[in-house]
Amino acid sequence: MRLQVFAPTQTLVDEPVRKIIAEAANGSFCLLPRHIDCVAELVPGILSFLDTNAVERFVAVDVGTLVKADDRVRIATLNAVVDDDLERLSDTVTESFLTLEQHEQEARSALGRLEAGTLRGFAETRFAETRFANTQETR
């Protein structure tokens, strides 16, 4: 079967595999080539697979969706890191996800400033409209 793992900006895995082990909210499961078609919501964790040479490889995934249809397994996730070494993968995940968290905090802060500026602009416009309306009534 063919495994494809997609993140928003790239395809991380696209290769034939023998077996896939993933984790959903209700526990781990294994997919083999003749497994029935299915859809699963993945939880953050480690997905493992055996390539065609029977070498086990790993993908750390954030939340995502797995779809098995015919001989293809497609996984869409917001964040993922691929590595053959489980220990190195752990270090990479920690580093990558911490950097992502910092960027998200910066984006939230910028969005907060933008929202505050927009609300301030609405308030000033409303104040000016009220003042103009009061001026028109006194004439």
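Here, every reference points to the structure presented above.
This report concerns the structure included in the present document.

What counts, and at which threshold
- Per chain, residues are indexed from 1 in the order of the written sequence.
- Only residues with pLDDT of at least 70 are given local features in this predicted model, and only at 80 or more are side-chain atom pairs given and counted; all residues enter the totals for whole chains, interfaces and linings.
- Calculation of side-chain values draws on the structure's entire complement of heavy atoms; hydrogens and water are dropped beforehand.
- A 1.4 Å probe that fits but cannot get out identifies a cavity on a 1 Å grid over protein atoms alone, an open set with protein on both sides within 12 Å along at least five of seven lines counts as a pocket, and a residue lines either if it has an atom within 4 Å of a point.
- Grid points are joined across faces, edges and corners, and a volume is the space filled by probe spheres set on the points.
- Put simply, DSSP H or I for four residues or longer makes a helix, DSSP E for two residues or longer makes a strand, and each gets a number counted from the N terminus.
- All amino acids are sorted into three groups, where Ala, Val, Leu, Ile, Met, Phe, Trp, Tyr, Cys and Pro are nonpolar, Asp, Glu, Lys and Arg are charged, and the leftover types, Gly among them, are polar.
- Salt bridges are defined as contacts in which a side-chain nitrogen from Lys or Arg sits within 4 Å of a carboxyl oxygen from Asp or Glu.
- Only protein chains enter the accessibility calculation, which uses a 1.4 Å probe; a residue whose area is less than 20% of its type maximum is buried, one above 50% is exposed, and one in between is partly exposed.

1. What to know about empty space enclosed by the protein
Here is step 1: Applying the stated criterion across every chain, the model contains one cavity of 30 Å³ or more.
Here is step 2: For the largest cavity, the calculated volume is near 30 Å³.
Here is step 3: Along its surface, the largest cavity is lined by Ala-22, Glu-23, Leu-42, Val-43, Gly-45, Ile-46, Leu-47 and Val-61.
Here is step 4: Looking at the lining of the largest cavity, the elements with two or more residues in it are β2 (10–24) and β5 (45–51).
Here is step 5: Of all the elements, β5 adds the most residues to the lining of the largest cavity, at three residues.
Here is step 6: Among the residues forming the lining of the largest cavity, the class breakdown is six nonpolar, one polar and one charged.

2. Considerations on the pattern of salt bridges
Opposite charge on two side chains lets them pair, provided their charged atoms get close.
Here is step 1: Taken as a whole and assessed by the stated rule, the structure comprises four salt bridges.
Here is step 2: The salt bridge partner of Arg-57 is Glu-15, with a shortest N-O separation of 2.6 Å. Here Arg-57 is found in strand β6 (residues 56–61), whereas its partner Glu-15 is found in strand β2, with 42 residues between them in sequence. In this structure, Arg-57 and Glu-15 share a single accessibility class: buried.
Here is step 3: In this structure, Asp-84 and Arg-57 form a salt bridge, with 2.7 Å as the shortest nitrogen-oxygen distance. Here Arg-57 lies in strand β6 and Asp-84 lies in the loop between β9 (80–83) and α1 (86–137), a separation of 27 residues in the sequence.
Here is step 4: Judged by relative accessible area, Asp-84 falls into the partly exposed class, the value being 44%.
Here is step 5: The exposure class of Arg-57 is buried, given its relative accessible area of 17%.
Here is step 6: When salt bridges with common partners are traced through the structure, they connect Glu-15, Arg-57 and Asp-84 into a single cluster.

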